[in-house]
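Okay, here's what each chain looks like letter by letter:
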Amino acid sequence: MTRVFSGMQPSGDAHLGNLLGAWVNWVSMQEDRDCVYCVVDLHAITSPAEHDPATLRDRTIELATGMLAVGVDPERSILFVQSHLHEHAECTWLFNCVTGFGELRKMPQFKEKSAGQGESVSVGLFDYPVLQAADILLYHADEVPVGEDQRHHIELARDIGQRFNHRFAPADDPVFTLPKAIHPRAAARVMDLQDPTVKMSKSAASEKGIIYVLDEPKRIEKKIKSAVTDSAGDIRHDREAKPGVSNLLEILSAATGRGVEELAADHDGGGYGAFKGAVAEAVIEMLRPTQARYAELADDPGEVARILADGADRARAVAAPTLARAKDAIGLLPAR
Ligand code: ATP
Ligand code: LTN
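Keep in mind it's a predicted model, so treat the numbers as computed, not measured. (Residues numbered from 1 in each chain as written. Chains lettered and ligands numbered in written order. Predicted model: local features only at pLDDT ≥ 70, side-chain atom pairs only at ≥ 80, totals over all residues. Heavy atoms only, no water.)

With that settled, the discussion passes to the environment of H51. Along the chain, H51 falls in the loop between α2 (41-44) and α3 (53-70). Take H51: its relative accessible area is 51%, and that puts it in the exposed class. Remark: the alpha-carbon pair of H51 and V81, spanning 30 residues in sequence, is separated by 18 Å. (Helix = DSSP H or I, 4+ residues; strand = E, 2+ residues; numbered from the N terminus. Buried < 20%, exposed > 50% of the residue type's maximum accessible area, 1.4 Å probe, protein only.)

Right, dumping it as structure tokens:
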């Protein structure tokens with residue numbers, strides 16, 4: 001069966017971009033694939049903003065709870081916390097030794113996130129994509145569902161896997177499976193409601209343009225009603241000329257399952273006020289079951305902890321043999 005791996009950082013509260021760009025796809029992939037999903041806390045500590053230990057712990061459990069609430073099924077899939085396995089960090093070291101400085105320096109996410117940090121930018125942030133490659137390759141993942149912004153990281157994971165196999169494994173018995181990125185169709189990129197030219201992001205300066213998965217209906221309505229549009233008044237899909245309206249149309253499409261063009265035709269002529277009202281209502285309805293399930297799970301923290309402990313055991317059963325093989329292939333002396 002096709003193996004899927006994906007992860008998300010506990011770097012802030014989950015928002016509509018995470019839900020539509022990632023989680024919806026994660027949930028549907030469980031139908032016919034063998035899925036492994038991970039809260040990547042080791043990645044989260046690469047950002048200076050995450051260095052409040054108590055906040056990191058809270059967000060890790062909240063993100064795992066969110067994944068369960070949207071429908072990640074711990075019976076069918078493996079759900080775990082990255083730092084519960086030492087294999088990820090250890091495999092990163094092996095990969096560091098087959099990765100070029102130049103490959104990492106040109107990663108768009110590193111360029112963006114390191115901007116303004118000068119020489120004090122952490123080596124962890126620089127090495128972030130190598131840890132991500134370890135995440136993916138340890139599980140022999142065939143497919144990695146991620147937003148478009150992660151394309152370069154998945155390509156790097158492929159390159160690292162290929163290089164390692166080429167150097168250290170027989171051609172007919174590779175250590176690592178080469179993964180490919182899978183990009184979800186609907187709402188591959190949800191934009192910030194206040195600035196529809198940048199993606200909705202956990203680390204944005206202001207919360208006004210972000211709809212959180214756990215936002216109350218009133219807040220959702222307020223944020224959508226004050227979304228930036230334009231002065232033309234027509235409703236059509238054109239990301240260049242009408243980024244705000246197009247973003248709302250895409251969100252509405254994802255929430256209702258109807259096509260963007262069809263929705264534009266329905267709402268054109270009705271004015272932005274009514275259109276935004278319809279978007280708000282659809283988003284509130286879409287989030288309702290997830291919010292209810294989250295509340296139930298949050299009432300039972302022992303159950304979430306049990307699911308994560310079980311997930312870590314099942315993850316280790318896959319990752320540990322892969323790491324052992326990689327260590328042996330590269331020439332590290334077995335301990336016994
Ligand atoms: P940060 O601001 O810390 O980078 P983020 O909100 O961008 O956080 P990530 O943790 O980087 O979120 O991403 C988790 C997953 O959600 C990834 O698969 C990513 O591609 C997807 N994702 C994040 N933001 C969006 C968005 N606005 N639209 C679609 N997908 C998104
Ligand atoms: N870098 C990713 C999160 C991430 C990931 C992974 C995604 C870490 N490890 C492995 C897929 C597979 C992000 O910021 N979205």
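Next comes the rest of the write-up.
A few words on the pattern of salt bridges. In this structure the tally under the stated criterion is 26 salt bridges. Residue D266 is joined to R258 by a salt bridge in which the shortest nitrogen-to-oxygen separation is 2.7 Å. Residue E303 pairs with R306 through a salt bridge whose shortest N-O separation is 3.1 Å. One end of the pair is E303 and the other is R306, both in helix α13 (residues 301-330) and 3 residues apart, which spans about a single turn. Given a relative accessible area of 28%, E303 falls into the partly exposed group. The partly exposed category is assigned to R306, whose relative accessible area is 46%. Via salt bridges that share partners, D230, D234, R236, D238 and K242 belong to a single interconnected network. (Salt bridge = Lys/Arg side-chain N within 4 Å of Asp/Glu carboxyl O.)

This brings us to the site of ligand 2. Lining the immediate surroundings of ligand 2 are 13 residues, of which H43, Y128, Q132, D135 and Q150 lie closest. Contacts to ligand 2 include D135, whose side-chain N or O atom sits 2.7 Å from a nitrogen atom. A distance of 3.0 Å separates a nitrogen atom of ligand 2 from a polar side-chain atom of Q150. When the free accessible area of ligand 2 is taken as 360 Å², the share hidden by the protein chains comes to 89%. Counting residues per element, the ones that place at least two in the shell around ligand 2 are β1 (3-8) and α7 (123-137). The element contributing the most residues to the shell around ligand 2 is α7, with 4 residues. Residue classes in the shell around ligand 2 are distributed as 6 nonpolar, 6 polar and 1 charged. (Near = heavy atom within 4 Å. Polar contact = N/O pair within 3.5 Å; in protein donor to acceptor, adjacent residues only side chain to side chain. Areas by Shrake-Rupley, 256 points an atom, 1.4 Å probe, with all protein chains shown as cover. Nonpolar A, V, L, I, M, F, W, Y, C, P; charged D, E, K, R; others polar.)

Turning our attention to the site of ligand 1. Lining the immediate surroundings of ligand 1 are 20 residues, of which V190, K199, S201, K202 and S203 lie closest. The backbone of G147 places a nitrogen or oxygen atom 2.9 Å from an oxygen atom of ligand 1. Note that an oxygen atom of ligand 1 is positioned 2.6 Å from one of the side-chain N or O atoms of K199. Look at ligand 1: alone it shows 590 Å² of surface, and the protein chains cover 95% of it. By residue number, the principal contributor to the shell around ligand 1 is helix α1 (residues 16-29), which donates 4 residues.

We now examine the packing of aromatic side chains. For the coordinates displayed, the defined rule picks out 10 aromatic pairs. Each ring, one from F101 and one from F126, has its centre 5.0 Å from the other, and the planes form 45°; the classification is tilted. Highlighted residues: F101 in helix α5 (residues 101-105) and F126 in helix α7, separated in sequence by 25 residues. Note on F110 and F126: the rings are 5.1 Å apart at their centroids and 75° apart in plane angle, and the pair reads as edge-to-face. Highlighted residues: F110 in helix α6 (residues 108-114) and F126 in helix α7, separated in sequence by 16 residues. By way of ring pairs, the aromatic residues F95, F164, F168 and F176 are connected into one cluster. (Phe/Tyr/Trp six-rings, centres within 6.5 Å; stacked < 30°, edge-to-face > 60°.)

On to the packing of α7 against helix α8 (residues 151-168), then. At a minimum axis distance of 9 Å, the contact between α7 and α8 shows a crossing angle of 70°. Taken together, the axes of α7 and α8 are roughly perpendicular relative to one another. Handedness of the α7/α8 crossing: right-handed. Residue-level contacts link Y128, P129, V130, Q132, A133, I136 and L137 of α7 to H153, I154, L156, A157, I160 and G161 of α8. The class makeup of the residues in the contact of α7 with α8 is 10 nonpolar, 3 polar and no charged. (Axes fitted to C-alpha atoms, helices over the stretch in contact; angles between N-to-C directions. Parallel < 35°, antiparallel > 145°, perpendicular 65-115°, else oblique. Left-handed = near helix turned anticlockwise from the far one by under 90°. Contact = heavy atoms within 4.5 Å.)

Count 3.6 residues to each turn of an α-helix, and residues three or four apart come out pointing the same way. Looking at helix α11 (residues 260-267), one finds that the buried residues are V260, L263 and A264. Burial along α11 is one-sided: seen end-on, the buried residues are contained in an arc of 100°. In α11, the exposed positions that point more than 90 degrees away from the buried face belong to E261 and A265. Positive backbone phi, approximately 95°, marks G269, located one or two places after α11. (Arc of directions from axis to C-beta.)

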